[in-house]
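Structural overview for review
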Amino acid sequence: MVQVRVQGLAVVAQESAPVVLLREETGSRRWLAITIGAPEAQELAAAQEHVVSARPGTVELIIEVLAALGQHVERVEITQLLDSIFHADLVLSGGVRISARPSDAIAIGLRTRVPLEVAEAVLDEAAVDVTVAVGDESALVAEEPPDEDEIRRFRDLLDDVSPEDFRDPDA
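So, here's what we can say about the structure. (Residues numbered from 1 in each chain as written. Predicted model: local features only at pLDDT ≥ 70, side-chain atom pairs only at ≥ 80, totals over all residues. Heavy atoms only, no water.)

**So, unusual backbone geometry**
Backbone geometry places His-50, a non-glycine residue, at a positive phi of 55 degrees. Residue position: His-50 is located in the loop between α1 (38-49) and α2 (58-68). Residue class for His-50 comes out partly exposed when judged on its relative accessible area of 30%. Phi angles above zero are rare outside glycine, and Ser-84 is one such case at about 65 degrees. Position of Ser-84 among the secondary structure elements: in the loop between β4 (73-82) and β5 (85-92). (Helix = DSSP H or I, 4+ residues; strand = E, 2+ residues; numbered from the N terminus. Buried < 20%, exposed > 50% of the residue type's maximum accessible area, 1.4 Å probe, protein only.)

**A word on the nonpolar core**
When a protein is soluble and globular, its nonpolar side chains tend to lie buried together. Judged by nonpolar contacts, the single largest core of 34 residues is most densely connected at Leu-22, Leu-32, Ile-78 and Ile-106. Residue contributions to this core peak at five residues, all from helix α3 (residues 102-112). Contacts of Leu-32, omitting those with residues within four sequence positions, involve Val-20, Leu-21, Leu-22, Phe-86, Val-118, Val-122, Leu-123, Ala-126 and Ala-127. (Core = buried A, V, L, I, M, F, W, Y, C linked by side-chain atoms within 4.5 Å. Contact = heavy atoms within 4.5 Å.)

**Here we look at the side chain of Ser-103**
In this fold, Ser-103 is placed in helix α3. You can call Ser-103 buried: its relative accessible area is 7%. Ignoring anything within four residues of it in the chain, the contact list for Ser-103 reads Ile-36, Glu-40 and Leu-44.

**Description of a nonpolar patch on the surface**
Residues Leu-61, Val-65 and Leu-69 make up a contiguous nonpolar surface patch of roughly 290 Å² in combined accessible area. With respect to the secondary-structure elements, Leu-69 resides in the loop between α2 and β4. You can call Leu-69 exposed: its relative accessible area is 65%. (Patch = residues over 30% accessible without salt bridge, like charges linked within 9 Å, V, L, I, M, F, W, Y side chains within 5 Å. Areas by Shrake-Rupley, 256 points an atom, 1.4 Å probe, with all protein chains shown as cover. Salt bridge = Lys/Arg side-chain N within 4 Å of Asp/Glu carboxyl O.)

Below, the structure written as structure tokens:
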């Protein structure tokens, strides 16, 4: 397993689909882009910012249920890529594994501040080259959180996404 970090969320122009961008912490620092839905992107943005809601959402509820059962998340693993679908596991205390969608697993991992790892085979198969169009790479790997205007613009963009935006125009 290779440790990665969430570098951010983006919308791929050709597909109009949100993606979560993961980057290898050390070594060749490969990138992994996982396409997710708009609601999942909103949850990931909130988890990345550690936004606390008045009432727990699904991710917070899962964490609370695990705690009530005496379990906690130790790490999140992106385990495989089968038929173009990424698979992930929540690894709990005692080695218990729970299969999860990568977007949900990553959001839980961000909320619980646990390591996020990707199987070497997944990176070998699906790592992508990312070219920074404006500025330099340091803009993508900055340790400081995004500014409020950037967060607002991203949320506004996600609010305008509809299921029709994901339909194949050639279909």
